[in-house]
Amino acid sequence: MKKIKLLSLLALFSAVAFTSCTDDDKGQRVYKGDALLNFHNGVSRDVFVFSGTGFTEIDIDYGVVKAAAGTNTVSMVVDTETSTAVEGVDFVIINGTDELVDGELTGQFKVRFLEEGAVQAGKVVNFKMSSPTLESAAFNNTYTVNVSLSCEITSFVGDFNATSWWLGTSTHTVAVGPAANTIQINDFWEDNATAPNFILSYNDSFVVTFAEQNTGYFVAQYNGYIWARMSTDASQVSSFNPCTRTMTVYVNYYIPGVGSYGNKQEVFTGI
């Protein structure tokens, strides 16, 4: 039987008070601080350049914590000291300068990753932002892209070491799944005799999704089974890299009608 910590399902979260917040006339907390720049929708992603396509383009979202005032120029720059990908060789910033005008909260940059520079082992580029009128936040201020030449799914499947909330440290075989664009982590739900394999679907960018699944683990204290569903945090995107054979899956574990154990990160590394 696996050893998991049965956390309280009804944990109380204390409210965090910020010195930059005050109460409005309705008693609600209102942010009064600066319009700090930060990257939105996560701070990292894997990008794959497919053979024969020439390049892959992505959009990188950013914004401020409160609506901008006036006209503000925002630039996205490369942190060359921590990046292994080289601008002009491995990628081109198509739109690296944007403007946030009065009342706007979000903006977008565009980057093109080139097939000529892509390798299966992968390269890393770290982006930061600068603006003469807006300060960067202390959070989400770096956006990391791991770019690699696409590999076939047959290069990915095989044996993996897992570091997970669910099982701790374990070893599993990841195999091609029962349907197109699916993989399965064999014997991950070791308590579920009828469906022990964790079935995952993936798209052309190797972003992972999955249907709600019964783990088979029964918690007598709450008279219910633990189920697994996708993370409830939209910024936690599950994905895998078929070239480096790494996969991160974000899972929300819960007992129907009782409560949730929260969002957990499960990491798989090819052996």
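Structure shown above.
Just so you know, these numbers come straight off a predicted model, no measurement behind them.

*Asks:* Quick question: what am I supposed to make of the overall build of the chain here?
*Replies:* Each helix and strand counted, the chain has one helix and 21 strands in total. A buried classification covers 41% of the 271 residues belonging to the chain. Long-range pairs, those at least 24 residues apart, make up 60% of the contacts in the chain between residues at least 6 apart in sequence. Of the roughly 14200 Å² that the chain leaves accessible, carbon and sulfur atoms contribute 51%.

*Asks:* How should the sheet that holds strand E9 (residues 106–114) be read in this particular structure?
*Replies:* Strand pairing in a sheet relies on backbone hydrogen bonds. The paired strands run either parallel or antiparallel. One open sheet holds the four strands; their spatial order is E3-E5-E9-E7, and the pairing between them is antiparallel. Every interior strand has two partners, whereas the edge strands, strand E3 (37–39) and strand E7 (91–95), have only one. Strand-to-strand twist of the sheet, defined as the mean angle between neighbouring strand axes without regard to direction, takes the value 30 degrees. For strand E5 (residues 55–64) and E9, the ladder comprises nine bridges, and the chain directions are antiparallel.

*Asks:* Would you take a moment to explain the pairing of strand E14 (residues 182–185) for this structure?
*Replies:* Each regular strand displays side chains that alternate between the two surfaces of the sheet. Because side chains alternate across E14, one face comprises the buried residues Thr182 and Gln184, and the other comprises Ile183 and Ile185, equally buried. Here strand E13 (residues 168–176) runs beside E14; their pairing, made up of three bridges, is antiparallel. Each residue of the ladder has a partner; that of Val174, found in E14, is Ile185. With antiparallel pairing between neighbouring strands as the criterion, E13 and E14 make up a hairpin whose turn holds five residues, including Asn181 at a positive phi of roughly 55 degrees. Relative to strand E15 (residues 198–202), E14 runs antiparallel, the two being bridged by four bridges. Following the sheet pairing, Thr182 is matched in E15 by Ser201.

*Asks:* For this particular structure, what's the right way to read the packing of aromatic side chains?
*Replies:* One pair of aromatic rings is described through two measures. These are the centre distance and the angle between the planes. One pass over the structure, following the stated rule, counts 24 aromatic pairs. Consider the rings of Phe188 and Phe198, whose centres lie 5.8 Å apart with planes at 20 degrees: the pair is stacked. With a gap of ten residues between them, Phe188 in the loop between E14 and E15 and Phe198 in strand E15 connect regions that are remote in the sequence. The burial state of Phe188 is the same as that of Phe198; both residues are buried.

*Asks:* For this particular structure, what's the right way to read the pattern of salt bridges?
*Replies:* Side chains carrying opposite charge are able to pair once their charged atoms draw close together. Using the criterion set out here, one finds three salt bridges in the structure. Residue Lys123 pairs with Asp90 through a salt bridge whose shortest N-O separation is 2.7 Å. With Lys123 in strand E10 (residues 123–130) and Asp90 in the loop between strand E6 (72–78) and E7, this pair connects stretches of sequence that are 33 residues apart. For Lys123, a relative accessible area of 21% puts it in the partly exposed group.

Definitions and limits used
- Residues numbered from 1 in each chain as written.
- Predicted model: local features only at pLDDT ≥ 70, side-chain atom pairs only at ≥ 80, totals over all residues.
- Heavy atoms only, no water.
- Helix = DSSP H or I, 4+ residues; strand = E, 2+ residues; numbered from the N terminus.
- Buried < 20%, exposed > 50% of the residue type's maximum accessible area, 1.4 Å probe, protein only.
- Contact = heavy atoms within 4.5 Å.
- Areas by Shrake-Rupley, 256 points an atom, 1.4 Å probe, with all protein chains shown as cover.
- Pairing = 2+ DSSP bridges.
- Axes fitted to C-alpha atoms, helices over the stretch in contact; angles between N-to-C directions.
- Phe/Tyr/Trp six-rings, centres within 6.5 Å; stacked < 30°, edge-to-face > 60°.
- Salt bridge = Lys/Arg side-chain N within 4 Å of Asp/Glu carboxyl O.

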